[in-house]
Amino acid sequence: MTGLAACQLVPVAQPVPPSASAPQAPKQSLKSADMARYYQRVESDLLVRGLLRVDGGGPDTPYTSAMLARNFEKVTFYDEHTIGTRVQRGTGQERLLSRWDQPVRINVEYGPSVSDEIRTQDAAMIRQYAGRLSRITGHSISAGRLRPNFHILVIGEDDKSAMTARIRALLPSLSASALAQIISPPRATHCLVVVSHAEGPAPRILSAVAVVRAEHPDLLRRSCYHEEIAQGLGIVNDSPFARPSIFNDDDEFALLTSHDEALLAMLYDPRLRIGMSAAEARPTVQTLAREKMGDGAET
């Protein structure tokens, strides 16, 4: 993790020759500055409309155990996107339950354009979030540089040439066209995560790579961390019915909600097994949802 560098100005008797001056940070390109202005407008517009909520849900967003069970099935057993020769919408086909069975070790890497202030702020935020997710799931989730298997790359428009080789090294099996879409996604794609699974009837998660735009203002960037890390744990889909939730494309909530905490706790409950189908898991999911809501019968 990169700490915030402390600087002190020391008076000198003679002017410092240009060749001896400290290296200057690279100037932001016009394209990157334009992207930063665009995403600032996006964030401001969402906030004006009462979206990007950070309250975790409240009396205006009630949900029942039946809704929780339904939402769990939708966001866990179906893929939002598939990656082959290109990144595309999922087919709606059912998948088997998948999650990590080994400790999750998150490491964040930053493109050269990312300031020390953002690096320090975001590293602390992700450490806290990893600890929260570990408590929710009962699974080992931590942030640090030691043998990472969940990689987060924070890159801006000016970092793409410097980071392309790194992305290729982390995702060697993807086609050139799929890699190009990850390196240069459409402007409407704020962030994304690619999850690698083991082959066979027990598709446990082996690794994950998330890409977050460095040009995002603070709240949009934080919302990307919350959603992509949580989805990298096995919540692979979004649903318009999930509320209050970040697993919904409506941008109502920026940060993980009480509803989402329940989904993650259910996913990592040992009563569910990696490789289960939706039908196999459904009775247990309904039981877990009732337990989370504290009711004895489905409502």
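Since the structure is predicted, the reported quantities are computational estimates derived from the model, not experimental observations. (Residues numbered from 1 in each chain as written. Predicted model: local features only at pLDDT ≥ 70, side-chain atom pairs only at ≥ 80, totals over all residues. Heavy atoms only, no water.)

Undergrad: Outline the overall build of the protein, supporting the account with residue identities and numerical values.
TA: Tallying secondary structure elements over the protein gives 8 helices and 7 strands in all. Residues counted as buried form 48% of the 299 residues belonging to the protein. Summarising the internal contacts of the protein: among those between residues at least 6 apart in sequence, 71% fall at separations of at least 24. Of the roughly 15,000 Å² of accessible surface on the protein, a fraction of 54% belongs to carbon and sulfur atoms. (Helix = DSSP H or I, 4+ residues; strand = E, 2+ residues; numbered from the N terminus. Buried < 20%, exposed > 50% of the residue type's maximum accessible area, 1.4 Å probe, protein only. Contact = heavy atoms within 4.5 Å. Areas by Shrake-Rupley, 256 points an atom, 1.4 Å probe, with all protein chains shown as cover.)

Undergrad: Hey, could you go over the nonpolar core for me, with residue numbers and the actual values?
TA: Ranked by size, the top nonpolar core spans 56 residues in total, and within it Phe-72, Ile-106, Leu-133, Phe-150, Ile-152, Ile-229 and Leu-256 carry the most contacts. Element by element, the count of residues in this core is highest for helix H3 (residues 116-137), at 7 residues. If sequence neighbours within four positions are ignored, Leu-256 has contacts with Gly-56, Tyr-129, Arg-132, Leu-133, Ile-136, His-226, Ala-230, Ile-246, Phe-247, Glu-261 and Leu-264. Counting residues in each nonpolar core, the second largest holds 15 residues, with Leu-174, Leu-179, Val-194 and Val-211 among its members. (Core = buried A, V, L, I, M, F, W, Y, C linked by side-chain atoms within 4.5 Å.)

Undergrad: Which residues make up the state of the cysteines, and what values go with them?
TA: Enumeration over the complete set of coordinates arrives at 1 disulfide. For Cys-191, the disulfide goes to Cys-224, at an S-S distance of 2.2 Å. Of note, the bridge from Cys-191 to Cys-224 carries an S-S torsion of about -90 degrees and is left-handed in sense. Here Cys-224 lies in helix H6 (residues 218-232) and Cys-191 lies in strand S6 (residues 191-197), a separation of 33 residues in the sequence. (Disulfide = S-S within 2.5 Å.)

Undergrad: Break down the pairing of strand S7 (residues 205-213) for me, with residues and values.
TA: In terms of residue burial, S7 counts as a mostly covered element, since 7 of its 9 residues are buried. When strand S5 (residues 150-155) meets S7, the two strands line up parallel, connected through 6 bridges. Within S7, the position partnered with Ile-155 by the bridge is Arg-213. The pairing of S6 with S7 spans 7 bridges and is classified as antiparallel. Residue pairing in the sheet places Val-195 in a bridge with Ala-208 of S7. (Pairing = 2+ DSSP bridges.)

Undergrad: Lay out the pattern of salt bridges in plain terms, naming residues and giving numbers.
TA: Under the criterion given, the structure shown has 16 salt bridges. For the salt bridge of Lys-31 with Glu-157, the shortest nitrogen-to-oxygen distance reads 3.5 Å. Here Lys-31, found in helix H1 (residues 30-48), pairs with Glu-157, found in the loop between S5 and helix H4 (160-170); they are 126 residues apart in sequence, far enough to count as distant. Look at Lys-31 and you get exposed, because its relative accessible area is 55%. Take Glu-157: its relative accessible area is 13%, and that puts it in the buried class. For Glu-157, the salt bridge goes to Lys-160, with nearest N and O atoms at 3.1 Å. (Salt bridge = Lys/Arg side-chain N within 4 Å of Asp/Glu carboxyl O.)

Undergrad: Let's hear about the side chain of Glu-43: which residues, and what values?
TA: Counting through the fold element by element, Glu-43 comes out in helix H1. Arg-221 provides the closest opposite charge to the buried, unpaired Glu-43, separated from it by 7.5 Å. Beyond its immediate stretch of four places on either side in the chain, Glu-43 contacts Leu-52, Pro-217, Asp-218, Leu-219 and Leu-220. (Lys, Arg positive; Asp, Glu negative; His and termini not counted.)

Structural measurements only, silent on function.
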